[in-house]
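# Structural description and commentary
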Amino acid sequence: MNFLSTKGKIRIIHYLSAIVPLLIVILFLGLTVILGIIPVIESYTIRNKKNQTIELVRSVWSIADGVHNQYKEGILDEQEAQSIVCSHVINLRYGIEMKDYCWIHDMDSNIVAHPYQDKKDLSDHSDPSGFKVVPQMNSLVDELGEGFIDYQWQWKDDPSRTEKKTSFVKSFEPWNWVIGSGFYENEILDEIREVTQPIVRNALLGLVLVSCLLFIPLRMSFRFIHDLIEKDTEINKLSGIVRDAPLSIVVTDLKGNIEYANPQVVSKYGWSEEELNQGNVRLFKSGLVSNETYNSLWKTILSGETWKGELINKNKWGELIWEELLVAPIRDDDQKITHFYGIKHDISQQKKLQNNLLVAKSQAEESSRLKSIFLNNFSHEIRTPLNAIFGFSDLLKQEAQLSNEGKEAIVTIERNSSILLKIVDQILKVSELESNAKLDASDELELNEFLTQIVKKSISNSPHPLQENVEIQTDYNLSCENGLVVITNRHALEEIIENLLLNAIKFTESGYITIGYRLDSSNDISIYIKDTGCGISISDQPHVLKKFFQGKSKFFSLHEGAGLGLSIVNKLTLVLGGKISFKSQQDFGTEFSVTGVCRPKNEQDLAVSE
């Protein structure tokens, strides 16, 4: 009875020694989730939503500022300019339901543009709490210029429902406007719940898992201390694990005679348990493994080390099996080696996959080689007839009796032949860049002179003549005593600038094209080409740098091209270690910039600016 009492006390002490730390861990994890992670997520979600709202309002403000500049320049009258901005605001939708919006009202609390509000004068409008919303917004922007304000407002397009809302408003002084947008509190709560629920659920699951993992050592420790008499039972359990293991396990004596093989060996190799127990590991030998390998194996395990490697063995029917094999010694209490055990993992399927991959790699390399041969032949076969076309066209132009229609036809032939030749060159360039992603950037050149030469060359080589009412401008913002000398790959940089200039010439019918360079925020040289052409639509902008992409608008369809020029520019820029960016507004023009494609020979040159 006293023994049982003492045993019970020991059991209680062990349980408490495991349970108390477990409870502490659970409490700590729970408090971490509730007091640490969730508030951070809530704060981040609200801050992110506010930042999105600020960016949206400032984007609308920027549009209004751009249109106002056009009004100041006389391009638009004031009514047309304001109408463009209002139309943009009324049609702007965002959010999951595409019902969130922006609005504009003036400093007299009159609605200027609002997708859901019909009432024009909101100077006396109050939310359910009596808060005069629009006048308070006006007071805020009058004092601070911009800021956030909380109130209650109609739920999107449903006038029968009112919800708490937070909005960001910003003054647009030129027209005495206030531009705003906001988000509803219940949407933020929904977002927070959507994020935190999986975290809480996973945290609870983690707590359960931690509890289970900590409970296992508790039971093992208890049994080790109090149930030593069950040692034979534990051995039986281990034997069951070996028996039921998915891998093939063999135990031998010091001469390799098999004393135990689990059922996986029987099913995998075909010999019965009796045949295996009367046999030797030589049963598995395929005859395809060298004696040196076997000698190394036996030398390793007899020295007490573990041997790992791959062997080709066979089953009872002579079928070959690739194995990943681990062989190690078994020692008694005196550390004397008494047996060996081997764990065999069938990797035949992996070997087959490896061979398939090698075959596929070889086929891919052969395909690449054949592609290069084809493209080289393709280039030769295309250029030969094109050269003949150019030659005979030039001869035809010298005919004195050639009519005007005939001369125009020859010009058309030459122009279209030039376009075809350009497409062939672009296809070859794309193939070359995909095969070789390295370029030597060690050429020295004076940037101003280099860009001027490219402008002249592009105008001369362009298949689309520069329009008479388009002016080419240069904007070299950095000046050095002996010119700005940069290090780059001359050919690659020339191709980048020329492609961008040819695009600008092609798509600009009036206005100007400006080429220049400046320092970006990281003090890197940024070369840019800006035009007043047709611009790029919002839907086309994510795709313009992709191969073979051509704009979907009617204007783009009127101009020939394979859609490779900008993809080549992008690839060359990346290979030179630079980056390309652009900003564009449809019908107002485009500006492309390439940064990091050249570096100054002398860093101090960058400090000398106009």
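Coordinates for the structure precede this section.
First things first, this report covers the structure right here in the doc. In this text, all values refer to a predicted model and were calculated from it rather than measured experimentally. Every chain begins its residue count from 1, and numbering advances along the sequence as written. Local features are withheld for residues below a pLDDT of 70 in this predicted model, meaning they are given only at 70 or higher, and side-chain atom pairs are given and counted only at 80 or more; totals for whole chains, interfaces and linings count all residues. The side-chain numbers reported here are obtained from all heavy atoms of the structure, hydrogens and water having been left aside.

## Some points on the sheet that holds strand β3 (residues 146-155)
Strand pairing is assigned whenever DSSP identifies at least 2 bridges connecting the two strands. A helix here means a DSSP run of H or I that spans at least four residues, while a strand means a run of E at least two residues long, and both kinds are numbered starting from the N terminus. Read from one edge of the open sheet, 5 strands run β2-β1-β5-β4-β3, paired in antiparallel fashion. Edge positions in the sheet fall to β2 (111-113) and β3, since each of these pairs with one other strand and no more. Strand-to-strand, the axes of this sheet are offset by a mean angle of 35°, without reference to chain direction. Those strands touched by helix α3 (residues 133-144) are β1 (102-106), β3, β4 (158-172) and β5 (177-184), and its axis lies near 170° from that of β3. Whenever a helix is involved, its axis is fitted only over the stretch in contact; in every case the axis is a line through C-alpha atoms, and angles between N-to-C directions fall within 0 to 180 degrees. Contacts are assigned to residue pairs with any non-hydrogen atoms lying within 4.5 Å of each other.

## Digging into the sheet that holds strand β10 (residues 337-346)
Taken in spatial order, the 5 strands make up an open sheet running β7-β6-β10-β9-β8, and their pairing is antiparallel. One side of each edge strand has no neighbouring strand; the edge strands of this open sheet are β7 (258-261) and β8 (307-314). Adjacent strand axes in the sheet meet at a mean angle of 30° when their direction is disregarded. Direction of pairing for strand β9 (residues 320-331) relative to β10: antiparallel, over a ladder of 9 bridges.

## Observations concerning the packing of helix α11 (residues 447-461) against helix α12 (residues 490-507)
Interaxial distance between α11 and α12 falls to 9 Å at its minimum, and their mutual angle equals 50°. For the element pair α11 / α12, the angle class is oblique. As for how α11 packs across α12, the hand of that crossing is right-handed. Along its contact with α11, which presents F450, L451, I454, V455, K457, S458, I459 and N461, the element α12 presents R490, L493, E494, I497, E498, L501, L502 and I505. Amino acids are sorted into nonpolar (Ala, Val, Leu, Ile, Met, Phe, Trp, Tyr, Cys and Pro), charged (Asp, Glu, Lys and Arg) and polar (every other residue, Gly among them). Of the residues that constitute the contact of α11 with α12, the class distribution is 10 nonpolar, 2 polar and 4 charged. Small angles under 35 degrees read as roughly parallel and large ones over 145 as roughly antiparallel, with 65 to 115 read as roughly perpendicular and the rest as oblique. Left-handed describes a crossing in which the near helix is turned anticlockwise from the far one by less than a right angle; the clockwise case is right-handed.

## A look at the nonpolar core
In this structure, L447, L451, I496, I497 and I527 are the most contacted members of the largest nonpolar core, which totals 37 residues. Of all the elements in the fold, those that place two or more residues in this core are α11, β12 (470-476), α12, β14 (511-519), β15 (525-531), α14 (565-575) and β17 (589-595). It is α12 that provides the largest number of residues to this core, a total of 8 residues. Sequence-distant contacts of I497, defined by excluding residues within four places in its chain, comprise L451, I454, I515, I527, I529 and V594. Listed in part, the 20 residues of the second largest apolar core include L56, V57, V60 and I179. Throughout this description, the term nonpolar core refers to a set of buried Ala, Val, Leu, Ile, Met, Phe, Trp, Tyr and Cys residues connected via side-chain atoms within 4.5 Å. Using a 1.4 Å probe on the protein chains alone, a residue whose accessible area is under 20% of its type maximum counts as buried, one over 50% counts as exposed, and one in between counts as partly exposed.

## Some details on the packing of aromatic side chains
Under the pairing criterion, centres of Phe, Tyr and Trp rings, with the six-membered ring standing for Trp, must be within 6.5 Å; the plane angle then separates stacked pairs below 30 degrees from edge-to-face pairs above 60, leaving the rest tilted. Using the criterion set out here, one finds 15 aromatic pairs in the structure. Ring plane angle 50° and centroid distance 6.4 Å describe the contact between Y71 and W175, whose orientation is recorded as tilted. Within this pair, whereas Y71 is found in helix α1 (residues 2-72), its partner W175 is found in the loop between β4 and β5, the two being separated by 104 residues in sequence. Ring centres of W271 and F284 lie 5.7 Å apart, and the angle between their planes is 80°; on these two criteria the pair is classed as edge-to-face. Residue W271 is located in the loop between α6 (263-269) and α7 (273-277), and its partner F284 is located in the loop between α7 and α8 (291-302); the two are separated by 13 residues in the primary sequence.

## Points about the pairing of β8
Sheet topology places β8 next to β9; 8 bridges connect them, and they run antiparallel. Of the residues in β9, the one forming a bridge with K314 is L320. Taking the residues between adjacent antiparallel strands as the criterion, β8 and β9 are bridged by 5 residues, where G318 takes a positive phi near 85°.

## Let's talk about the pattern of salt bridges
Salt bridges are defined as contacts in which a side-chain nitrogen from Lys or Arg sits within 4 Å of a carboxyl oxygen from Asp or Glu. By the definition in use, this model includes 14 salt bridges. E187 serves as the salt-bridge partner of K156, at 2.6 Å between the closest nitrogen and oxygen. Here the residue K156 occupies a position in the loop between β3 and β4, and E187 occupies one in helix α4 (residues 185-226), the gap between them amounting to 31 residues. On the basis of relative accessibility, which here comes to 3%, the residue K156 falls in the buried class. For E187, a relative accessible area of 17% gives the class buried. The shortest N-O distance in the salt bridge between E323 and K344 comes to 2.9 Å. Of this pair, E323 sits in strand β9 while K344 sits in strand β10, placing them 21 residues apart in sequence. Among the charged side chains, a salt-bridge network with shared partners connects E97, D100, K156 and E187.

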